[in-house]
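Remarks on the overall topology
Next come the chains, spelled out residue by residue.
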Amino acid sequence: LVSKFYYLQVATWENTYRPEWKDMDILEWVQNHNADNNHMVKKLAGKGQTEPADETDLKRAKRTVWQRMIVGVTEEMEESIHRFNIVAGISDTSVRGRVCMKQFFARSGKEKRRNSVSYSKIEKGHPAWDYLAERNQFDIELYELVLKLFKKQKGLIDSYRTLETWSS
């Protein structure tokens, strides 16, 4: 949610662009302007955004993710995209695949990806972090599960990589 706050301050190409957030403090935003809470758990549990999430919804979301999804994490975006490509049967070793990966992940000098924005992270203990954590406790638990699953799926994805190498 913090990245959303900063991203939408500058993302003029987005329908949800919010220039009025540019001079706003993050704490003011989380307390007065952010309507999201437990967004992912609600989505996976089939609930509307204005409905409250509960433990049953969290269990349903965790089960769905664990049993039905190959997960990726933004902190490991390039690895995540590699994994999605492998599972989908898309070769990132082909010329087209290499060009695509380079377009999104190459970092040269002053090059900046269009959909990225730099900002100071807020840490646990910061009033905005605490406020968001309290209202998104189920999403935080779901994210912790996703991190575990990301590590666990490495072996599975590596077996797909091996198959891809053999079939080449």
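Read on for a plain summary of the structure. (Residues numbered from 1 in each chain as written. Predicted model: local features only at pLDDT ≥ 70, side-chain atom pairs only at ≥ 80, totals over all residues. Heavy atoms only, no water.)

**Remarks on helix α5 (residues 77-88)**
Its twelve residues place the ends of α5 16 Å apart at the C-alpha level, agreeing with the 16 Å of an ideal helix rising 1.5 Å per residue. Residues of α5 that are buried include every one of S80, R83, N85 and I86, and no others. After α5 finishes, the residue G89 shows a positive phi value of roughly 80°. (Helix = DSSP H or I, 4+ residues; strand = E, 2+ residues; numbered from the N terminus. Expected span 1.5 Å × (residues − 1). Buried < 20%, exposed > 50% of the residue type's maximum accessible area, 1.4 Å probe, protein only.)

**With respect to the packing of aromatic side chains**
For the structure on display, the rule yields five aromatic pairs. Look at Y7 and W13: their rings are 6.1 Å apart centre to centre, the planes differ by 70°, and that puts the pair in the edge-to-face class. Aromatic rings pair up to connect F5, Y6, W21 and W29 into one cluster. Taking NZ or CZ as reference, R83 lies 3.8 Å from the ring centre of F150, over its face. (Phe/Tyr/Trp six-rings, centres within 6.5 Å; stacked < 30°, edge-to-face > 60°. Lys NZ or Arg CZ within 6 Å of the ring centre and 35° of its normal.)

**Quick word on the pattern of salt bridges**
Throughout the structure, instances matching the rule amount to seven salt bridges. K47 is paired through a salt bridge with D57; the nearest N and O atoms lie 2.8 Å apart. A residue pair is termed long-range when its members are at least 10 positions apart, and K47 in the loop between α3 (39-45) and α4 (55-68) and D57 in helix α4 qualify at ten residues. With a shortest N-O distance of 3.5 Å, E134 and R135 are connected by a salt bridge. A residue is classified by how much of its surface remains accessible, and E134, at 57% relative accessible area, is exposed. (Salt bridge = Lys/Arg side-chain N within 4 Å of Asp/Glu carboxyl O.)

**A closer look at a nonpolar patch on the surface**
On the surface, a cluster of nonpolar side chains totalling about 230 Å² of accessible area is made up of V87, L156 and Y160. Mapped onto the fold, V87 is located in helix α5. (Patch = residues over 30% accessible without salt bridge, like charges linked within 9 Å, V, L, I, M, F, W, Y side chains within 5 Å. Areas by Shrake-Rupley, 256 points an atom, 1.4 Å probe, with all protein chains shown as cover.)

**Here we look at the side chain of R83**
Structurally, R83 can be placed in helix α5. For R83, a relative accessible area of 3% puts it in the buried group. Here F150 takes part through its backbone oxygen, which lies 2.7 Å from a polar atom of the side chain of R83. (Polar contact = N/O pair within 3.5 Å; in protein donor to acceptor, adjacent residues only side chain to side chain.)

**Some words on unusual backbone geometry**
Even without glycine at this site, N38 takes up a positive phi of about 50°. Exposure remark for N38: the relative accessible area of 6% places this residue in the buried category.

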